[in-house]
Amino acid sequence: MGTVGGSPHRLSAQQARRVAVRAQLLDAPARRRGLDVLEVVRALTMVQVDLTTRVAPSAELVLWSRLGGGLDRDELADRCEEQRLVEISMRLVHHADVALHRAEMAVWPDPDLHDAYEHQAWEWVLDNGGCRADVLERLRADGPLPATALPDTCVRPWGSSGWSNGKNVAKLLQVLAARGEVAVAGREGRTPLWDLAERVYADDELPPVHDALHERAVRRLRALGLARERSAKVPGPDPDHVGAVGEVVVVEGVRGQWRADPDQLAALDEPFEGRVALLSPLDRLVFDRKRMVELLDFDYQLEMYKPAAKRRWGYYALPVLVGDRLLGKVDATADRRAGALVVHAVHEDEPFDVATREGVRAELEDLAGWLGLEPVLPG
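Residues numbered from 1 in each chain as written. Predicted model: local features only at pLDDT ≥ 70, side-chain atom pairs only at ≥ 80, totals over all residues. Heavy atoms only, no water.

## Things to note about the environment of V346
Then, number 1: Here V346 is to be found in strand β13 (residues 340–348).
Then, number 2: Residue V346 is classed as partly exposed on the basis of its relative accessible area, which comes to 29%.
Then, number 3: Once the C-alpha coordinates of V346 and L25 are considered, the two residues, 321 residues apart in sequence, prove to be 24 Å apart.
Then, number 4: When neighbours within four sequence positions are excluded, V346 is seen to be in contact with K329, V330, F352 and V360. (Helix = DSSP H or I, 4+ residues; strand = E, 2+ residues; numbered from the N terminus. Buried < 20%, exposed > 50% of the residue type's maximum accessible area, 1.4 Å probe, protein only. Contact = heavy atoms within 4.5 Å.)

## Remarks on the confidence of the model for the protein
Then, number 1: Chain-level pLDDT for the protein is 94 on average; 96% of the residues reach the 70-or-more range.
Then, number 2: Of the regions scoring below 50 in pLDDT, residues 1–5 engages in 8 contacts with residues more than four places distant in sequence or in other chains. (pLDDT = per-residue confidence, 0-100.)

## Description of the nonpolar core
Nonpolar side chains in soluble globular proteins tend to be buried together.
Then, number 1: Counting 43 residues, the largest nonpolar core has V55, V330, L341 and L367 as its most contacted members.
Then, number 2: If you list the elements that add at least two residues to this core, you get α3 (37–44), α4 (58–67), β10 (276–278), β11 (318–322), β12 (325–335), β13 and α14 (354–371).
Then, number 3: Those residues in contact with V55 that lie beyond four places of it in its chain are L61, Y316, L318, A332, A334, R336, L341, L367 and L371.
Then, number 4: Listed in part, the 28 residues of the second largest apolar core include A16, L226, Y300 and W313. (Core = buried A, V, L, I, M, F, W, Y, C linked by side-chain atoms within 4.5 Å.)

## A short note on the side chain of Q264
Then, number 1: Within the fold, Q264 resides in helix α11 (residues 262–266).
Then, number 2: For Q264, the residues in contact, after removing those within four places along its chain, are V19, R22, A23 and G225.

## Side note on helix α10 (residues 209–224)
Every α-helix winds through 3.6 residues per turn, so residues three or four apart in the chain are directed the same way.
Then, number 1: Helix length check: α10 (16 residues) gives 22 Å between terminal C-alpha atoms against 22 Å at 1.5 Å per residue, within 8%.
Then, number 2: Turning to α10, its buried residues number three or more, namely V209, A212, R216, A217, R220, L221, A223 and L224.
Then, number 3: Once α10 ends, the next one or two residues include G225, with phi positive near 85 degrees. (Expected span 1.5 Å × (residues − 1).)

## Comments concerning the packing of aromatic side chains
Then, number 1: Following the criterion strictly, the structure yields 6 aromatic pairs and no others.
Then, number 2: Ring centres 6.3 Å apart and planes at 25 degrees place the aromatic pair W64 and W370 in the stacked group. Here W370 lies in helix α14 and W64 lies in helix α4, a separation of 306 residues in the sequence. Comparing W64 with W370 shows no difference in burial state: the two are buried.
Then, number 3: Between W108 and W122, the ring centres sit 6.4 Å apart and the planes meet at 75 degrees, which makes this aromatic pair edge-to-face. Here W108 is found in the loop between α6 (98–105) and α7 (116–127), whereas its partner W122 is found in helix α7, with 14 residues between them in sequence.
Then, number 4: Relative accessible area serves as the criterion here: at 6%, W108 is assigned to the buried category. (Phe/Tyr/Trp six-rings, centres within 6.5 Å; stacked < 30°, edge-to-face > 60°.)

## Brief notes about the packing of α4 against α14
Then, number 1: The interhelical angle for the contact between α4 and α14, taken along N-to-C directions, is 125 degrees, at an axis separation of 12 Å. Between α4 and α14, the crossing angle belongs to the class labelled oblique. Here α4 runs over α14; the crossing is right-handed. Contact residues: E60, L61 and W64 in α4; E363, D366, L367 and W370 in α14. (Axes fitted to C-alpha atoms, helices over the stretch in contact; angles between N-to-C directions. Parallel < 35°, antiparallel > 145°, perpendicular 65-115°, else oblique. Left-handed = near helix turned anticlockwise from the far one by under 90°.)

In structure tokens:
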């Protein structure tokens, strides 16, 4: 499918959904390819770290959604311990891609690449140069260490209206991580252990920063299938937009232009084989809620921070993907003391047919078995 006379490619709403689902390895053929944890993380470019265990930590759910119950639950932890998966700003990144992030760290904060807030944070660290030196010296001698074991000798406290107000060491570590001076070397339970970045990251040759950013954008588009050229800034090492990579497309019923992965455009005429999948609330398919609404027409919020009486779908409801559509949510809790995955409700945005109900039930049974629990299903 080529661009005609310089005009954008035109995709139907269904084609756009299928591009997004295929790119995220959530179609049936991807499940049959026999991928492993490292291959999935590299294809997705990153997997978000969130340790909420209402069902399972988000990174584990993301991998299970792609790999199914055959996934060894210890494999993710093993790959992190081996540092074949590396944590950068609460995301797990394939070790071979770390140099693409380190290239940006090497110039951080850059006047042309980073916003005023990041420059202000660096000025705050410079004002607390003594604390920076104390933290690095302590890590050099005794790391890896939790933040609570590091000295707070700041002469200028960090101030904000958010969660980090007064948390000097936590903010210092965040800034030094952005600069590539410290890194998360592992976790002790939920607690990150910090060390000198030179002891965590491989000493690979770094590409020029603009080459690295371009390559990250190309890979991000490959993982998303479709993305905006520009979107709102999000926390973390990568945005949800991709700049001027890929090919320009417009999507039926959606305003504006998108960028599409050329390989996905080339596969538009291939048969699409979908499946039923239960997703983490932080899955990349739904993480950008604006994109989720525009491309997938799905009404969803993570309600764990809402009072129970105001929740529509549950504390940690799992979006239900059916083929190329998101059609519902599953409210479930892993009750490990009782040895049960308790399914409180299956919310159908529109009535499920028999095959969909059976598919959801099969996924819930697979999820329960993978967690080592017995499924307790409604009805």
